[in-house]
Amino acid sequence: MQQKKMKCALIQLEFRCYPNPYTDKYLKKMQMVIPKTRAQKMKDIEKHLKSHDLWDKETTVVPEVNFDLPKLYGSNIDEHFKIIAEKQCAGYRKKADILTTGSLPYKPQTWAETQGWTRYNADGSTTRVEFPDEDSLVFDVEVLVPESDMPVLATAASPNHWYSWCNQHLIKSDAQGFFKMTPDELIPLDMDQGGWKEKVVVGHNVGFDRSFVKEQYLIKGPKTRFMDTMSMHIAVSGFTGSQRMLWNAKKTGSKSKSILELEERNKRLNKLPVFEWMEDGAPNNLSDVYQHYCQGAPLDKEVREVFLEGTTYELGLNIQNLMSYCADDVIATHQVFQILWPLFQERFPHPVTLAGMLQMGSSYLPLNANWNRYLETAEEIYNNKQSERERMLIKIANDACSLLEGNRYKEDPWLWDLDWSIQNLRIKKTPLSAKKKAKSDKVKYLGPMVQHLSPCGRMTRQN
């Protein structure tokens, strides 16, 4: 305000000392600098309210809100949320640290082909168990995609033991059983033994694995929390959609449109192509993430084709190799987590971030029998909207193309600068097969006689 008064005084002094015909110029300056009076402001307010038909209207007086604020932990809001979040996630952080400091036991050489969970002891013996009774686990599930959405194999590991799980229908070679989905076909990871205990389960894209865990479908379920190495990688060194496209094009050596545009832009700016950022990140799949953080060899994914294209019979013949494949993914995920977990904590040190991640990883959506009807309705509406949108786009495209006649597009403010050049399209002639060629020659030979089938099936002459 003091600066405005000084500027106003300077303008007045200039006007008095140097009078000139440009009086309006100085008057406008005065109007810009001198603040509006209260009466002027009230007139503006009244005008604005009248324009919206709100002037001189009765309003509802809202009573004052009166409630007791919760107790504040710490001396300010920041400390309040830090203390609450630390209380929520401190136990899970300690259990996650166990996986980073400890190593996994050696992978079993032979896997038990028995229904349910099997624990592998240090002395080489095996024990049937109801579930892996561990505070910290690395977990992976495999599904036989062509035959069912049910889990067929699973492996888990902790610093103490290895575990394997087999579906009962796989052991019995009962392919029809895979189509009878019941809660008993899901994988138990915990059990209510007079109260649930805190547990951390780590996996890559662990939301997929969690969908096959039995207790996660209980309304009052366990205190198990899932930590996803894929989500943590995306937060630390992930790619955006366009970066992933560039990375794939560079890796395969293809000259995609995105690569060509990048090279053209760098050429215009006299810059060398910048691809160093590709060394600081990786796509989201486990093999690339493992190579990025652990500098290891690419994971062998050939065996995975059995899960994608095989049958129950083929899976039963290769159960030892497939178990080892599943266990190798557990080992790779554990090694990634050992490096990624400290990086994640360094990048996101606030406990609210970890508490939020753990909470979001345990969310669920209760469903009933109407869920399939909802999916069908949503799909139908989507298809209808898609068709309607396509019809609208076709109409807009046809209207735009009509502007080419008489160069009327030059008068359009949105379309005038587009490329309106016309290309001569070449129609590729498909060679006729021997049968069609013989038929064509026959028609040519008939001359004026044109083949035409009447309702009675006779060949008639067309005059």
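Here, residues in each chain are numbered from 1, in the same order as that chain's written sequence. For a predicted model such as this one, the threshold for reporting local features is a pLDDT of at least 70, and the threshold for listing and counting side-chain atom pairs is 80 or more; totals across whole chains, interfaces and linings nevertheless cover every residue. Hydrogens are left out, water is left out, and the side-chain values use all remaining heavy atoms of the structure.

Student: Which parts of the structure should I look at to understand the packing of helix α4 (residues 77-101) against helix α14 (residues 351-360)?
Tutor: Angle between the axes and distance between the axes: these two values describe a pair of packed helices. Only C-alpha atoms enter the line fits that serve as axes; for helices the fit covers just the stretch in contact. Angles between N-to-C directions range over 0 to 180 degrees. Runs of E in the DSSP output that reach at least two residues are strands. Runs of H or I that reach at least four are helices, and both are numbered from the N terminus. For the pair α4 and α14, the least separation of the axes is 8 Å and the interaxial angle reads 55 degrees. When the axes of α4 and α14 are compared, the pair comes out oblique. In terms of crossing hand, the pair formed by α4 and α14 is left-handed. Residues Phe81, Lys82, Ala85, Glu86, Gln88, Cys89, Tyr92 and Arg93 of α4 form the contact with α14, whose own contacting residues are Pro351, Val352, Leu354, Ala355 and Leu358. A class-by-class count of the residues in the contact of α4 with α14 yields nine nonpolar, one polar and three charged. Roughly parallel covers angles under 35 degrees, roughly antiparallel covers those over 145, roughly perpendicular covers 65 to 115, and oblique covers all other angles. By the definition used in this description, the sense in which the near helix is turned from the far one sets the handedness, with an anticlockwise turn below a right angle giving left-handed and a clockwise turn giving right-handed. Contacts are residue-level and defined by heavy atoms, with any inter-residue pair within 4.5 Å sufficient. All residues other than Ala, Val, Leu, Ile, Met, Phe, Trp, Tyr, Cys, Pro, Asp, Glu, Lys and Arg, Gly among them, are scored as polar; the first ten of these are nonpolar and the last four charged.

Student: Hey, could you run me through the pairing of strand β5 (residues 162-166) in this one?
Tutor: Side-chain direction in a regular strand flips from residue to residue, so the side chains alternate between the two faces of the sheet. Only protein chains enter the area calculation, which uses a 1.4 Å probe; residues under 20% of their type maximum are buried, those over 50% are exposed, and those in between are partly exposed. Of all five residues in β5, five are buried, a share of seventy percent or more. Every second residue of β5 is oriented toward a common face, with Trp162, Ser164 and Cys166 on one face and Tyr163 and Trp165 on the other, all of them buried. For two strands to be treated as a pair, DSSP must find at least two bridges joining them. Judged from the five bridges that link them, strand β1 (residues 116-120) and β5 form a sheet pairing that is antiparallel. In the strand pairing of β5, Thr118 is matched with Ser164. Of the strand pairs in this sheet, strand β4 (residues 151-157) and β5 are connected by five bridges, and their pairing is antiparallel. Paired with Ala157 across the two strands is Trp162, which belongs to β5.

Student: Hey, could you run me through unusual backbone geometry in this one?
Tutor: For residues besides glycine, phi is generally negative; the peptide bonds are generally trans as well. Although it is not a glycine, Asp56 sits at a positive phi angle of roughly 60 degrees. Inspection of the secondary structure puts Asp56 in the loop between α3 (38-51) and α4. Residue Asp56 is classed as exposed on the basis of its relative accessible area, which comes to 72%. In this structure, Gln295 takes a positive phi of about 55 degrees despite not being glycine. Within the secondary structure, Gln295 is located in the loop between α10 (286-294) and α11 (305-309).

Student: Any chance you could explain the sheet that holds β5 here in plain terms?
Tutor: Note: strands within a sheet are paired through backbone hydrogen bonds, in either parallel or antiparallel orientation. The strand order across the open sheet built from seven strands is β2-β1-β5-β4-β3-β6-β7, with neighbouring strands paired in mixed fashion. Whereas interior strands pair on both sides, the edge strands pair on one side only; in this sheet they are β2 (126-129) and β7 (224-228). Direction aside, neighbouring strands of the sheet carry axes that sit 25 degrees apart on average. The pairing of strand β6 (residues 199-203) with β7 spans five bridges and is parallel.

Student: Please explain the nonpolar core as it appears in this structure.
Tutor: Nonpolar side chains tend to gather and get buried jointly when the protein is soluble and globular. Only buried residues count toward a nonpolar core. Its members are Ala, Val, Leu, Ile, Met, Phe, Trp, Tyr and Cys residues joined through side-chain atoms within 4.5 Å. Ranked by size, the top nonpolar core spans 46 residues in total, and within it Leu153, Trp162, Met227, Leu315, Phe337 and Trp341 carry the most contacts. Per-element accounting of this core gives the leading share, twelve residues, to helix α13 (residues 319-347). Setting aside residues up to four positions removed in sequence, Leu153 forms contacts with Asp140, Val141, Glu142, Trp165, Cys166, Leu170, Phe307, Leu315, Ile319, Leu322 and Met323.

Student: What exactly am I supposed to notice about a negative patch on the surface here?
Tutor: Taken together, the side chains of Asp300, Glu302, Glu305 and Glu309 present a region of like negative charge at the surface. Using a relative accessible area of 62% as the deciding quantity, one classes Glu309 as exposed. Patch membership requires more than 30% relative accessible area and the absence of a salt bridge. Residues of like charge join within 9 Å; the nonpolar side chains Val, Leu, Ile, Met, Phe, Trp and Tyr join within 5 Å. Accessible surface area values rest on a Shrake-Rupley calculation with a 1.4 Å probe, where residue burial reflects the displayed protein chains alone. For this document, the term salt bridge refers to a Lys or Arg side-chain nitrogen within 4 Å of an Asp or Glu carboxyl oxygen. We treat Lys and Arg as the positive residues and Asp and Glu as the negative residues; His and chain ends play no part in the count. All charge positions are set by atom: Lys at NZ, Arg at CZ, Asp at CG, Glu at CD.

Student: Teacher, can you tell me more about the environment of Glu134 here?
Tutor: Within the secondary structure layout, Glu134 lies in the loop between β2 and β3 (136-143). The exposure class assigned to Glu134 is buried, which follows from its relative accessible area of 6%. Expressed as a C-alpha distance, the spacing of Glu134 and Ala157, which sit 23 residues apart in the sequence, is 9.1 Å. Setting aside residues up to four positions removed in sequence, Glu134 forms contacts with Ser158, Asn160, His161, Tyr163 and Lys199. Polar contacts here mean pairs of N or O atoms no more than 3.5 Å apart (in protein, one a potential hydrogen donor and the other a potential acceptor; neighbouring residues in sequence count only if both atoms are side-chain atoms). Within polar-contact distance, the side chain of Glu134 engages the side chain of Asn160 at 3.0 Å. Among the polar contacts listed, one links the side chain of Glu134 to the side chain of Tyr163, at a separation of 2.7 Å.

Student: Whenever I open this one, the side chain of Thr224 confuses me. Can you help?
Tutor: By the secondary structure assignment, Thr224 is in strand β7. The residues contacting Thr224, other than those within four sequence positions of it, are Asp190, Lys199, Val201 and Gln216.

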